[in-house]
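What follows is each chain in one-letter form.
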Amino acid sequence: MKYRTGLLVIAPLAAAALIAAPAQAAAPTFTVSPGGAWTGTRAADGTVGIRDAVSNQTTLCAGLAVSGRFRAGAGQSGTDIGALSSISFTGCKAEGVAVTVTVTTSAANPAPISLTGAFPSDPAVFTGQATNISLTLDDTNGCHAVVGARTSSGGGPGFTGIAYRSTDARLSFAAGGKGLFVQSASAQCGTGAQGLDVKVFDRISLGGFGTTLTDSAVNISPPQRITSP
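## Some remarks on the confidence of the model for the protein chain
When the pLDDT values of the protein chain are averaged, the result is 89; 89% of them are 70 or greater. The model gives residues 1–11 a pLDDT under 50, and that stretch makes one contact with residues more than four places away or in other chains.

This is how it looks when you write it as structure tokens:
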């Protein structure tokens, strides 16, 4: 009698492979209430600024206003869970020289928000990104810089990190996003004079000095409650 020993070997090996395969973590889901449109003004306890991560120069601003919306509902994916419809930095100066910051985000050209998870040390804080972000920086000395995605990756709009805390309805750009770079800069940006000190390829952060919720933040109204199981 002939025995089909191959099956006796393969079956245990296949079973072992199935046992050893690691389980993939489920993507987080989010519950938003009440949802809908909101507006936000500068949080009083932090600074507002735009930082060049290469020269380490921070353009400080007196004001920040943001508007947008969140999609109401339970058990939602974090992808496109909301959008920013305007971002306005006002009263900005670099080394005492006035700077105009123009962010192209609008109701017709919004910046979609995607949440990726909760902050490890505070489950009330959710982090993510806002995409489709482009801006220009202009100082009174003639420096003009265009900011968006890295040109070596094709250019166009970039992204910024965001964080939201439900306990005080605080939305911040100081969330460690690394998706904005100087795409072009006029000659006046590199003269060494007072004012903007930026050059092509420099990484730009909308979070100013901060890497936490303290800086470049607004308190939004009506407050939005975001939770995740």
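From this point, the discussion proceeds with the structure in view.
## A look at the environment of L135
You can see L135 is positioned in strand 10 (residues 135–139). On the accessibility criterion, L135 (1% relative accessible area) is buried. Along the sequence, L135 and T104 sit 31 residues apart, while their C-alpha atoms lie 5.9 Å from each other. Setting aside chain neighbours within four positions, we find L135 in contact with V101, T102, V103, A145, V146, V147, L180 and L206.

## Examining the pattern of salt bridges
Per the stated rule, a full pass over the model turns up three salt bridges. Among the salt bridges present, the one from R165 reaches D168, with a minimum N-O distance of 2.7 Å. The partly exposed category is assigned to D168, whose relative accessible area is 28%. Put simply, D202 and K199 hold a salt bridge, and the shortest N to O gap is 3.2 Å. A relative accessible area of 2% places D202 in the buried class.

## Re the sheet that holds strand 5 (residues 73–77)
Read across the sheet, three strands follow the order 5-1-17 without closing on themselves; strand pairing throughout is antiparallel. A strand with exactly one partner marks an edge of an open sheet, and here the two such strands are strand 5 and strand 17 (225–227). Direction aside, the axes of adjacent strands within the sheet are offset by 30 degrees on average. Summarising the sheet, strand 1 (residues 29–33) and strand 17 pair through three bridges and their orientation is antiparallel. Its bridge partner lying in strand 17, S33 is registered against R225.

## Quick look at the environment of V66
Residue placement: V66 occurs in strand 4 (residues 58–70). Sequence separation between V66 and N219 is 153 residues; the distance between their C-alpha atoms is 9.2 Å. Aside from chain neighbours lying at most four places away, what touches V66 is W38, T39, G40, L84, S86, I87, L171, F173 and V218.

Criteria and thresholds
- Residues numbered from 1 in each chain as written.
- Predicted model: local features only at pLDDT ≥ 70, side-chain atom pairs only at ≥ 80, totals over all residues.
- Heavy atoms only, no water.
- pLDDT = per-residue confidence, 0-100.
- Contact = heavy atoms within 4.5 Å.
- Helix = DSSP H or I, 4+ residues; strand = E, 2+ residues; numbered from the N terminus.
- Buried < 20%, exposed > 50% of the residue type's maximum accessible area, 1.4 Å probe, protein only.
- Salt bridge = Lys/Arg side-chain N within 4 Å of Asp/Glu carboxyl O.
- Pairing = 2+ DSSP bridges.
- Axes fitted to C-alpha atoms, helices over the stretch in contact; angles between N-to-C directions.

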